[in-house]
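Here is what each chain is made of, one letter per residue.
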Amino acid sequence: MTKTKPTCLTRLRKRLAKMREIKILLASGNRHKAREFSGFFSELPPFGDAKLALLSPGDLSCELPEVEETGASYEENALLKAAAFARAAGMPAIADDSGIEVRALGGEPGVRSARAAEGSDPDRVNWLLDRMRGIRDRVACFTACLVIAFPNGKNIFGAAERDYFSAEGRCFGTLAETPRGTRGFGYDPVFTPDGYGATFGELGDEIKSRISHRAIAFKGVAQIVPSVLKYIAVHHNENCNGDLGRCTN
Ligand code: IMP
């Protein structure tokens with residue numbers, strides 16, 4: 001009996017089956033974003049026997065870069081972060097850049113949301129409420145752009161000019177007059193998503209994880225997970241030390 005040669009896909013599936021858990025690094029030290037992302041990743045269906053698992057910078061022993069957010073758009077900033085972390089750790093990395101846009105302020109603070117005012121999250125919330133004092137138009141929207149980048153910058157998505165994947169999500173709502181609720185982070189206590197009578201600070205992860213800008217952007221990421229897993233299976237031996245990249249955990 002002649003033995004048939006395994007197809008490329010069969011070989012990939014076999015390699016993935018051996019790897020079981022395939023790791024991707026979150027290029028962010030923000031613990032709130034990390035909590036939201038681990039919820040999203042835990043709901044991804046497995047690909048064959050393999051599952052994509054999220055690592056945080058704290059899980060790795062190697063030094064990771066401080067990335068300055070010098071980009072003019074969410075996508076540029078997310079790419080700066082994802083590419084730098086992927087290169088440093090030798091494994092695929094996912095980054096998020098996000099912000100709040102307020103219609104009455106011509107879209108501000110937007111990409112500058114994290115740096116709109118000195119200090120802490122509550123300081124920035126107060127800065128925003130001060131700027132909005134007396135303004136009746138309270139329409140606002142959160143935007144998130146997620147980028148996945150790879151350590152050797154290889155293009156796996158078939159687009160000639162791109163060697164990364166990005167997905168954007170938006171969540172529309174209105175700005176409250178005063179902060180309400182203690183859950184979430186950033187501008188959550190003053191953002192009431194459309195269709196709800198409470199802020200994200202009051203609604204918490206149960207609702208936010210379904211309707212937020214980040215949750216919507218992650219739906220785009222979920223679609224490319226099979227490509228990401230295939231990429232890792234193909235390049236496993238080439239640029240990874242085990243399945244952990246250059247760093248260990
Ligand atoms: P960066 O993406 O690290 O540049 O920071 C985004 C900033 O936008 C955060 O520091 C928050 O102030 C704000 N932001 C982004 N996403 C959210 C969210 O889901 N809730 C509240 N604030 C957010």
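Residues numbered from 1 in each chain as written. Predicted model: local features only at pLDDT ≥ 70, side-chain atom pairs only at ≥ 80, totals over all residues.

A. Structural view of the environment of E177. If you trace the backbone, E177 turns up in the loop between strand 5 (164-175) and strand 6 (191-193). With 43 residues separating them in the primary sequence, E177 and G134 have C-alpha atoms 9.6 Å apart. (Helix = DSSP H or I, 4+ residues; strand = E, 2+ residues; numbered from the N terminus.)

B. Here's a closer look at the pairing of strand 4 (residues 139-149). Most of strand 4 is tucked away: 10 of the 11 residues are buried. Two strands pair when backbone bridges link them, and strand 3 (residues 93-102) and strand 4 are joined in this way by 10 bridges, in the antiparallel orientation. Bridging from a neighbouring strand, I94 pairs with I148 of strand 4. Both strand 4 and strand 5 contribute to a ladder of 11 bridges, which runs antiparallel. Across the sheet, the residue bridging to C141 is F172, located in strand 5. (Buried ≥ 20, exposed ≤ 12 C-beta atoms within 10 Å, placed from the backbone. Pairing = 2+ DSSP bridges.)

C. Highlighting the pairing of strand 1 (residues 21-26). Within strand 1, 5 of the 6 residues are buried, which leaves it mostly tucked inside the rest of the structure. Strand direction decides the pairing type here: strand 1 and strand 2 (residues 51-55), joined by 5 bridges, are parallel. Residue pairing in the sheet places L25 in a bridge with L55 of strand 2. As judged from the 2 bridges shared by strand 1 and strand 3, these two strands associate in the parallel manner.

D. Here's a closer look at the site of the ligand. In the vicinity of the ligand lie 17 residues, with S98, S113, A114, G186 and Y187 positioned nearest. For the shell around the ligand, the element with the highest residue contribution is strand 3, accounting for 5 residues. Its residues assigned to classes, the shell around the ligand comprises 5 nonpolar, 6 polar and 6 charged. (Near = placed C-beta within 6 Å. Nonpolar A, V, L, I, M, F, W, Y, C, P; charged D, E, K, R; others polar.)

Spatial relationships are all this shows, so hold off on functional conclusions.
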